[in-house]
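Observations on the model geometry
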Amino acid sequence: MIAVIDYGAGNLKNVAKALDFLGFPSVVTSDAEVIAKADKLILPGVGAFGDAMRSLTESGLDALIKNVVSSGKPLLGICLGMQLLFDESEESPGVKGLSLLPGKIRRLPQIDNLKIPHMGWNDLIYCRGTLFEGLSNPYVYFVHSYYLDAADKADVAAKTHYGIDVEVAVEHKNIFATQFHPEKSGAEGLKILANFAKAEVE
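The paragraphs below set out a description of the structure included in this document. No experiment lies behind these values; they were computed from the predicted model shown.

Focus: the pattern of salt bridges
Between side chains of opposite charge, a pair can form as their charged atoms come close. Scanning the entire structure with this criterion turns up 6 salt bridges. In this structure, arginine 106 and glutamate 90 form a salt bridge, with 3.2 Å as the shortest nitrogen-oxygen distance. You can see arginine 106 sitting in strand β6 (residues 103-107) and its partner glutamate 90 sitting in the loop between β5 (88-89) and β6, a full 16 residues away along the chain. Taking the relative accessible area as the measure of exposure, arginine 106 reaches 26% and is therefore partly exposed. With relative accessibility at 34%, the residue glutamate 90 sits in the partly exposed group. One salt bridge in this structure joins glutamate 167 and lysine 153, with 2.7 Å as the shortest N-O distance.

Now the structure itself:
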């Protein structure tokens, strides 16, 4: 069973529907016992970094997520859920993230009249690791104004180009994340979700 963590952010049901379509049982939940017993976790979300961390902290889900991930269970962060895995964000100065991986979330720079938020489809220009098995430079859907600056570039599993090269996926042991929305990215996005759902980590 895959637990889709409900902490008040949006886009939860779309992720669960995609998993159901793929044949992987899932549950949208904020119940600590259910989350602790799940085989895998997905932390999706749209919205503001500070509000999301406040919700996770007040509910105690921040500590629970850290404990479950430290036990070795796979976690997939999506969009805001990816950003929350890191130390801090320029969107919410002074607010600490989950710090499961080292790095900072920065605002996309205004370059060449590109619109912010970055909204739409882009090719991934670099892919490696479990999430992208069987895929080559997939075309995926983004909605974001902030991007990852990973402290350890070895964690970066994919990039795209939007004025600058943007780090948009990470993979480190049992932690996976995408800045883009696989659940909104057609057949290739579904393949990425399926790769996570089938992933076996040591």
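Here the narrative resumes, following the displayed structure.
What about unusual backbone geometry?
Note the cis peptide between isoleucine 116 and proline 117, where omega equals 10°. Turning to its location among the elements, proline 117 is positioned in the loop between β6 and β7 (118-123). Backbone geometry at serine 99 places phi at a positive 55°, although glycine is not the residue there. Counting through the fold element by element, serine 99 comes out in the loop between β5 and β6. Positive phi values are uncommon outside glycine, yet aspartate 112 reaches one of about 55°. Mapping aspartate 112 onto the fold places it in the loop between β6 and β7. Assessed through its relative accessible area of 67%, aspartate 112 is described here as exposed.

Observations concerning the packing of helix α1 (residues 12-22) against helix α6 (residues 186-198)
In the contact formed by α1 and α6, the axes pass within 10 Å of each other and the chain directions differ by 80°. When the axis of α1 is compared with that of α6, the two are roughly perpendicular. When α1 is examined against α6, the residues Ala18, Phe21 and Leu22 are found in contact with a partner set consisting of Leu190, Leu193 and Ala194. Among the residues making up the contact of α1 with α6, the classes are represented as 6 nonpolar, no polar and no charged.

Let's talk about the packing of helix α3 (residues 49-59) against helix α4 (residues 61-70)
The contact between α3 and α4 brings their axes to 5 Å, and the two run at 85°. It follows from the interaxial angle that α3 and α4 lie roughly perpendicular. Judged by residue contacts, Leu56, Thr57 and Ser59 of α3 engage Leu61, Asp62 and Ile65 from α4. In terms of residue class, the contact of α3 with α4 is built from 3 nonpolar, 2 polar and 1 charged.

Looking at α3
Of all the positions in α3, only Phe49, Gly50, Ala52, Met53 and Leu56 are classed as buried. Taken down its axis, α3 places every buried residue within 165° of arc, on the same side. Residues of α3 that are buried in the fold lie against α4, α5 (80-83) and β5.

Examining the pairing of strand β12 (residues 164-172)
Across 6 bridges, the pairing between strand β11 (residues 156-162) and β12 is antiparallel. If you follow valine 156 over to β12, its bridge partner there is valine 170. With antiparallel pairing between neighbouring strands as the criterion, β11 and β12 make up a hairpin whose turn holds 1 residue, including glycine 163 at a positive phi of roughly 80°. Two strands pair when backbone bridges link them, and β12 and strand β13 (residues 175-178) are joined in this way by 4 bridges, in the antiparallel orientation. By the bridge assignment, histidine 172 is partnered in β13 with isoleucine 175. Linking β12 to β13, which pair antiparallel, is a turn of 2 residues; within it lysine 173 sits at a positive phi near 55°.

Parameters and conventions
Residues numbered from 1 in each chain as written. Predicted model: local features only at pLDDT ≥ 70, side-chain atom pairs only at ≥ 80, totals over all residues. Heavy atoms only, no water. Salt bridge = Lys/Arg side-chain N within 4 Å of Asp/Glu carboxyl O. Helix = DSSP H or I, 4+ residues; strand = E, 2+ residues; numbered from the N terminus. Buried < 20%, exposed > 50% of the residue type's maximum accessible area, 1.4 Å probe, protein only. Axes fitted to C-alpha atoms, helices over the stretch in contact; angles between N-to-C directions. Parallel < 35°, antiparallel > 145°, perpendicular 65-115°, else oblique. Contact = heavy atoms within 4.5 Å. Nonpolar A, V, L, I, M, F, W, Y, C, P; charged D, E, K, R; others polar. Arc of directions from axis to C-beta. Pairing = 2+ DSSP bridges.

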